[in-house]
Structures are given as structure tokens and as C-alpha cells.
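# Residue-level structure breakdown
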Amino acid sequence: MASIPLKSRDSLPPRRGIIFILSAPSGAGKTTIWRAALKAIAGLEFSVSLTTRAPREGEADGIDYSFVSEEEFKRRQSSGELAEWARVFESFYGTPRAPLDAAIASGRDILLDIDIQGARQIRAIYPGDSVAVFVLPPSFAELEGRLRGRATEEESKIQHRLRKARDEAQAYPEYDYLIVNAEVDESVAQLETIVDAERLKVGRLRGEFAPWKS
Ligand code: 5GP
């Protein structure tokens, strides 16, 4: 019987990097997931956003965010340095474009923790290169508990975040994958499964995905 000519991985063209978007209503546990995911998932980098909000306790400049003034943010935005930006609560947030383009071109995978507005923009700009994952809390009672447990904000802000969280949760059908974050380890394992599956898609391995094909 003739043997089937198998392709070795080396004979395939280099694959492009994948942008993994992670969005969630505030308090769903997304930050905990991405921090654990970066340790657990080999070859996944984090896209450090610009923000005009003040650092929270434990956040480091250049690691969690690049903390900038509103003037600096507007300068970078108007010079086209941002792939997307949005106003969330009272602050501006934006994703630097150059690290995304470099990651895609060199086959490195990059994780974005961005809101729904940002996710829509990234998916429009990088339709074939982005995968969108939504995280929901197991229940809104649990989400309220988590927001209050954070205890970094006054009551009116917590109420505002809760209302916004309920609105934002409605967006999950726009995403490719849904993780219900009951337990962090399990959620990270699910994210790893998503990353592995996307990396193994034949279309990506053959360098066939849109938009560069069409
Ligand atoms: P936080 O201030 O709690 O860190 O983030 C508030 C919201 O802003 C979260 O939903 C987070 O995903 C989102 N966010 C963080 N960075 C960016 C970004 O670069 N672009 C957009 N559009 N949203 C972001």
C-alpha cells in the first residue's frame, strides 16, 4: 500500500501570529485569568495598553498598563500609534499598533485585555488574525460580590460598574468563544485549549487565512 505523503511542520510556511482578545464585564475575573494564562500558556505575550487612569495598587507601569497623561494619550492617538482606543468609565484606553503588527508578522501570539468597543475595532482591522474570547461570571450576584470585595471604589462607582457589567454581558454572542469563570484554573485551562486549537487550524498552518488571501 502506498504511503500517504505527510507534510512535516517544517515544510509548511511560517504561521502568522494570532491576536487573542479577552473581554468581560468588569468583575468577571478577567485580569486574574490573563495573569495566570501568561504564566501557563507558552508563547503568549501580553499587549500593554495605554491608559489615562491612575494605577491601582499592585499595578506596574509598562507591565499592566502604560500610564500616561491625557495629553500624551491624545498625541499618540492622533499620530496613528493606536490600533484602537476607547473611553471606558472616565478614562481613555488604547492598544499600541506596532507590537500587534510585529507579533502577527513574526508568528508570535499576543493577548489583549480590552473592552467590547475595542474588540469590535480590532476584529474589523485584523479579521483573519484575531480570535475573540468573552468571559462571564457564573452569576451577577457573584459579580457584585467580587466588585465589592475589590473595595477600591465608592458606592456610586460600584453601582455604575454593575449597570455597565449587565449591559456588557449582552455582547457575548459577538465573540468566538465563551468562558464562564467559576474557577480560575479551569478558565485558564479552557483559554489554553482555545489557544492550542487556534494554533492548529489548518488554514493558519497553511498561511491561508483571510484577509491576505483575498
Ligand atoms: P480597568 O480600568 O479595570 O483595568 O479596565 C477597564 C476596562 O477597560 C476593561 O474592560 C478593560 O478590558 C478595558 N481596557 C483595558 N485596556 C484597553 C484598551 O487598550 N482598549 C480598550 N478598548 N479597552 C481597554
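Sequence order as written defines the numbering, with residues in each chain counted from 1. A pLDDT threshold of at least 70 governs which residues receive local features in this predicted model, and a stricter bar of 80 or more applies before side-chain atom pairs are shown or counted, although totals over entire chains, interfaces and linings include all residues. The side-chain numbers reported here are obtained from all heavy atoms of the structure, hydrogens and water having been left aside.

### Topic: the pairing of strand β5 (residues 82–88)
Heads up, the condition is: Categorising residues by exposure relies on relative accessible area from a 1.4 Å probe, with only protein chains included: less than 20% of the type maximum marks a residue as buried, more than 50% marks it as exposed, and the intermediate range marks it as partly exposed. Helix and strand assignments come from DSSP, with helices taken as H or I runs of at least 4 residues and strands as E runs of at least 2, each series counted from the N terminus. Criterion used throughout: strands pair if DSSP finds at least two bridges between them.
In terms of burial, β5 is a largely internal element, 5 of the 7 residues being buried. When β5 meets strand β6 (residues 91–96), the two strands line up antiparallel, connected through 6 bridges. Of the residues in β6, the one forming a bridge with A86 is Y93. What sits between the antiparallel neighbours β5 and β6 is a turn of 2 residues, in which F89 has the positive phi angle 55°.

### What to know about the site of the ligand
Threshold: Any residue with at least one heavy atom within 4 Å of a molecule or strand is counted as near it. Contacts described as polar in this section are N or O atom pairs within 3.5 Å, which, within protein, must combine one atom able to donate a hydrogen with one able to accept it, while residues neighboring in sequence count only if both atoms come from side chains. For every accessible area listed, the method is Shrake-Rupley and the probe measures 1.4 Å; residues are considered covered only by the protein chains on display. Put simply, Ala, Val, Leu, Ile, Met, Phe, Trp, Tyr, Cys and Pro go in the nonpolar bin, Asp, Glu, Lys and Arg in the charged bin, and everything else, Gly too, in the polar bin.
Around the ligand there are 16 residues in total, and K30, R53, Y65, Y93 and D113 lie nearest to it. Between the ligand and R53 there is a distance of 2.5 Å, counted from an oxygen atom to a side-chain nitrogen or oxygen. D113 is positioned with one of its side-chain polar atoms (N or O) 2.6 Å from an oxygen atom of the ligand. Within the complex, the protein chains bury 93% of what would otherwise be the 510 Å² of accessible surface of the ligand. Broken down by secondary-structure element, the contributors of at least two residues to the shell around the ligand are β5 and β6. Residues that form the shell around the ligand fall into these classes: 5 nonpolar, 4 polar and 7 charged.

### Comments concerning helix α3 (residues 97–106)
Operational definition: Relevant arc is that of directions from the helix axis to the C-beta atoms, nothing else. Whether two residues are in contact is decided by their heavy atoms: any pair within 4.5 Å suffices.
All of the buried residues in α3 are L100, A103 and I104. Buried positions in α3, seen along its axis, are confined to an arc of 95° and lie on one side of it. Turned more than 90 degrees off the buried face of α3, the exposed positions are A98 and A105. Considering only its buried residues, α3 is in contact with β1 (19–23), β5, β6, β7 (109–113) and α4 (116–125). One or two steps after α3, the chain reaches G107, where phi turns positive at roughly 75°.

### Quick notes on the sheet that holds β5
As a reminder of what qualifies: Note on method: axes are straight lines fitted to C-alpha atoms, helices fitted across the in-contact stretch only, with angles between N-to-C directions ranging 0 to 180 degrees.
With respect to topology, 4 strands assemble into an open sheet ordered β4-β3-β6-β5, the strand pairing being mixed. Edge positions in the open sheet fall to β4 (65–67) and β5, since each of these has one partner strand only. Averaged over all pairs of adjacent strands, the angle between their axes in this sheet comes to 25°, without regard to strand direction. Examined bridge by bridge, strand β3 (residues 49–51) and β6 share 2 bridges and lie antiparallel to one another.

### Topic: the sheet that holds strand β2 (residues 44–46)
Pairing within the open sheet is parallel, and its 5 strands lie in the order β2-β7-β1-β8-β9. In the strand order of this sheet, the two ends are held by β2 and β9 (177–180), each with one partner. Taking the axes of each pair of neighbouring strands and ignoring which way they run, one obtains an average angle of 25° across the sheet. Judged from the 4 bridges that link them, strand β8 (residues 130–136) and β9 form a sheet pairing that is parallel. Opposite F134, over in β9, you have L178 as the bridge partner. Packed onto the sheet, α4 meets β1, β7 and β8 and runs at close to 160° relative to β1. The sheet strands contacting helix α7 (residues 184–199) are β1, β2, β7, β8 and β9, and the helix crosses β9 at an angle near 165°.

### Brief notes about the packing of aromatic side chains
Note the following rule: Two rings from Phe, Tyr or Trp (for Trp, the six-membered ring) form a pair when their centres sit within 6.5 Å of each other. Planes less than 30 degrees apart are called stacked, planes more than 60 degrees apart edge-to-face, and all others tilted. Two conditions define a charge located above a ring, namely a distance within 6 Å from the ring centre to NZ of Lys or CZ of Arg, and an angle within 35 degrees of the ring normal.
Tallied over the entire structure, the rule returns 7 aromatic pairs. Grouped by ring-pair contacts, the aromatic residues Y65, F67 and Y93 constitute a single cluster. Sitting over the ring of F89, R161 keeps its end group 4.2 Å from the ring centre. The ring of F89 carries the charged tip of K164 above its face, separated from the ring centre by 4.9 Å.

### Side note on the confidence of the model for the protein chain
Low pLDDT means the predicted coordinates in that region are not meant to be read closely. This is how it is decided: By definition, pLDDT measures how confident the predictor is in each residue, and it falls between 0 and 100.
Mean pLDDT over the protein chain stands at 90; residues scoring 70 or higher make up 91%. Here residues 210–214 is modelled with pLDDT under 50, and outside its nearest four sequence neighbours on either side it reaches 7 contacts, counting other chains as well.

### A word on the side chain of E198
As for its position among the elements, E198 is in helix α7. Given the relative accessible area of 2%, E198 is considered buried. Separated by 2.8 Å, the side chains of E198 and R204 make a polar contact. Excluding residues that lie within four positions of it along the chain, E198 makes contacts with I18, F20, V131, Y177 and R204.

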